[in-house]
Amino acid sequence: MMPLFDYRCGCGARFERLQPSWRSADPDCPACGDTVHRLPGSVALTGSARPPAGPDEAPTSWEGTGRGDREYVAAWRRTLENRQRLAEKYPELSTKRDAIAAHEGRFERAPLTYRELAGRAATSGDATRGAAEAARARRPGAANAGTSGGDA
């Protein structure tokens, strides 16, 4: 692959030329035949940078991990570790996560957090009844009844 260089001549001509290497002699000006000067390479500012996927994009169920596929889980672990290292350097990338009480079945798409479970169980004092209430609230077409106590 030959590098592409930009050149400028004293007569005002500008042109590009592929050269075998950066050590190659500069060509003569195609307009006047005089010697030319190699210009500094231009910088191409294209593309974008994106941080690694965070915990919000990670699978939340056994089925979501390809039924526990070791390679898939290991790849996600590495991705999340990279994200954590980046978040330590750039705190704005940090994701606040609540502890999850249930994440399968009715709770696959909207995991039940301990904060929500505690809020729902506060009136009855029964966590099982609070979990059942949260499951009923997640049924298709059901309005979120009761106290959520936090993000679900």
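Located above this text is the structure these notes cover.
Nothing here was measured: the structure is a model prediction, and the numbers come from that model.

S.K.: Outline the nonpolar core, listing residues and values.
M.R.: Counting seven residues, the largest nonpolar core consists of Phe5, Tyr7, Cys9, Ala13, Phe15, Cys29 and Val36. When residues in this core are grouped by element, the largest group, three residues, is from strand β1 (residues 4–9). Ignoring anything within four residues of it in the chain, the contact list for tyrosine 7 reads Ala13, Arg14, Phe15, Arg17, Gln19, Asp26, Pro27, Val36, His37, Arg38 and Leu39. Membership of the second largest hydrophobic core comes to six residues, among which are Phe107, Leu117, Ala134 and Ala135.

S.K.: Could you give an account of the pairing of strand β2 (residues 14–18), with specific residues and numbers?
M.R.: Pairing between β1 and β2: five bridges, direction antiparallel. Following the sheet pairing, aspartate 6 is matched in β2 by glutamate 16.

S.K.: So what about the packing of aromatic side chains? Which residues, and what values?
M.R.: In total, this model carries one aromatic pair according to the counting rule given. Ring geometry for tyrosine 7 against phenylalanine 15: centres 5.4 Å apart, planes inclined by 25 degrees, an arrangement best described as stacked. Just above the ring of phenylalanine 5 sits the side chain of arginine 38; from NZ or CZ to the centre is 4.0 Å.

S.K.: Any chance you could break down the sheet that holds β1 for me, citing the residues and the numbers?
M.R.: Within the open sheet, the three strands sit side by side as β2-β1-β3. Their pairing is antiparallel. The open sheet has two edge strands with one neighbour each: β2 and β3 (36–38). Taken over all neighbouring pairs, the strand axes of this sheet differ in orientation by 35 degrees on average, direction set aside.

S.K.: Tell me about helix α2 (residues 114–121), residues and numbers included.
M.R.: Within the sequence span of α2, burial applies to Glu116, Leu117, Gly119, Arg120 and Ala121. Check the buried side of α2 and you find it contacts β4 (100–102), β5 (112–113) and α3 (127–137).

S.K.: Report on the pairing of β1, specifying residues and quantitative values.
M.R.: The side chains of a regular strand alternate between both faces of the sheet. On β1, burial follows the alternation: Phe5, Tyr7 and Cys9 on one face are buried, whereas Leu4, Asp6 and Arg8 on the facing-out side are not. Between β1 and the antiparallel strand that follows it, β2, lie four residues; glycine 12 among them carries a positive phi value of about 100 degrees. In the sheet, β1 pairs with β3 via three bridges, with the strands oriented antiparallel. From the neighbouring strand, arginine 8 faces β3, where its bridge partner is histidine 37.

So, how was this worked out
Residues numbered from 1 in each chain as written. Predicted model: local features only at pLDDT ≥ 70, side-chain atom pairs only at ≥ 80, totals over all residues. Heavy atoms only, no water. Core = buried A, V, L, I, M, F, W, Y, C linked by side-chain atoms within 4.5 Å. Buried < 20%, exposed > 50% of the residue type's maximum accessible area, 1.4 Å probe, protein only. Helix = DSSP H or I, 4+ residues; strand = E, 2+ residues; numbered from the N terminus. Contact = heavy atoms within 4.5 Å. Pairing = 2+ DSSP bridges. Phe/Tyr/Trp six-rings, centres within 6.5 Å; stacked < 30°, edge-to-face > 60°. Lys NZ or Arg CZ within 6 Å of the ring centre and 35° of its normal. Axes fitted to C-alpha atoms, helices over the stretch in contact; angles between N-to-C directions.

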